[in-house]
Amino acid sequence: MLLLLMLSLLSGGSARVVQDFESGCGKFLANGKSPTRFPDPQYRQICQTLNNKVYYATFYDTHNKIPVYSAYKFEGLMGCTRRDTWYIEPQIDDNNGGPNMEFSTALNIHIRGDRQALSKDYENSGYDRGHLAPVYLANSQSCAEATFTLTNAAPQTKCFNRVFWWEEEESLGKHLGKCHLNVYIVTGVVPGTNYINSRVNVPSHFWTAYCCLDQNNKCSDSGGVIGTNVNDSIIRKMSVVDLEAELRKLYGRAFQVFQYK
Ligand SMILES: *[C@@H]1O[C@H](CO)[C@@H](O)[C@H](O)[C@H]1NC(C)=O
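Residues numbered from 1 in each chain as written. Predicted model: local features only at pLDDT ≥ 70, side-chain atom pairs only at ≥ 80, totals over all residues. Heavy atoms only, no water.

1. Examining the state of the cysteines
Condition: Disulfide assignment relies on a single distance test, namely cysteine sulfur atoms paired within 2.5 Å. Helix and strand definitions follow DSSP, with helices as H or I runs of at least four residues and strands as E runs of at least two, each counted in order from the N terminus. Burial status follows relative accessibility: with a 1.4 Å probe on protein chains alone, a residue under 20% of its type maximum counts as buried, one over 50% as exposed, and anything between as partly exposed.
One pass over the structure, following the stated rule, counts 3 disulfides. Cysteine 25 shares a disulfide with cysteine 47; S-S distance 2.2 Å. Here cysteine 25 and cysteine 47 share a disulfide; its torsion about the S-S bond, -85°, makes the bridge left-handed. You can see cysteine 25 sitting in helix 2 (residues 21–25) and its partner cysteine 47 sitting in strand 2 (residues 43–50), a full 22 residues away along the chain. Cysteine 47 shares its class with cysteine 25; the two are buried. Note that cysteine 211 is cross-linked by a disulfide to cysteine 219, the S-S spacing being 2.1 Å. Between cysteine 211 and cysteine 219 the sulfur-sulfur dihedral comes to about -100°; the bridge is accordingly left-handed. Judged on exposure class, the residue cysteine 211 and its partner cysteine 219 are both buried. Just so you know, cysteine 143 is unpaired, no disulfide at all, and the nearest cysteine sulfur is the one on cysteine 80, 7.2 Å from it.

In structure tokens:
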């Protein structure tokens, strides 16, 4: 851990896996405050970096090999295009890994995915690589590209991803287009009981919460949504407070998305 800290200092703070993403990439967090970070050693804090630019923050679970949540800002609908290749996070498995997300190449072929999912885990699994920070809400094409890292994805049933969750993203994007304040969004998953490839947890739920932060650092408009990760998903909209109460039950411990509501 000390080595990672030194690496992050040496690389001018652009390192991806950091000790504290409130200081590393707090600008993606409402009031610079993180959602709850579980203290167990299996979790990593990632400032998601592509070509030395940071685009959002992810709290990652190296046991389940899926994120807990990604936190990002919304700045309008940009109509970014998708890509079909995915990055991995070198520093999750390699203390000498570089700060940028990378494709699996000859350079990092030694990364076996001991602590993260690889593309081959998803191939033929029957599940989509469901984005947490989504392409649709990305604020630039390069930001959209930066969402294509497996540390920002979890196995999602196809109909849920392509129909129900997509409709939620679309309606959220249209709603937030009217919010001319600083918009902070957090999307997360709850681990389930199944695994793909005996390695990567299939979440039981996907959830999202948003906050339009006003000049007094209060959420002047906020809301939450949670859906079950099955093809005929049931999606429920609720207040952030109610979502947090639901997540407390599902995670089995206290969970707060925004410090100020
Ligand atoms: C969801 O539906 C897709 C497409 O019909 C199917 O391939 C997949 O097996 C289903 N997944 C689950 C978990 O039922």
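2. Points about the packing of aromatic side chains
Heads up, the condition is: Only Phe, Tyr and Trp rings take part, Trp by its six-membered ring, and two of them pair if their centres are within 6.5 Å. Stacked means planes under 30 degrees apart, edge-to-face means over 60, and tilted covers everything else. A ring has a charge above it when a Lys NZ or an Arg CZ is no more than 6 Å from the ring centre and no more than 35 degrees off the ring normal.
In the structure shown here, the tally under the stated rule is 16 aromatic pairs. Aromatic pair phenylalanine 21 and phenylalanine 59: ring centres 6.4 Å apart, planes at 65°, arrangement edge-to-face. Of this pair, phenylalanine 21 sits in helix 2 while phenylalanine 59 sits in strand 3 (residues 53–61); the two residues are 38 residues apart in sequence, bridging distant segments of the chain. With a centroid separation of 4.9 Å and 75° between ring planes, the pair formed by tyrosine 136 and tryptophan 166 is classed as edge-to-face. Taken together, the residues span a long stretch of sequence, with tyrosine 136 in the loop between strand 5 (128–131) and helix 5 (141–146) and tryptophan 166 in helix 6 (residues 158–176) at a distance of 30 residues. Connected via pairs of aromatic rings, a cluster forms that spans Phe21, Phe38, Tyr43, Phe59, Tyr69, Trp207, Tyr251 and Phe255. Above the ring of phenylalanine 38, the side-chain terminus of arginine 253 is found at 4.0 Å from the ring centroid.

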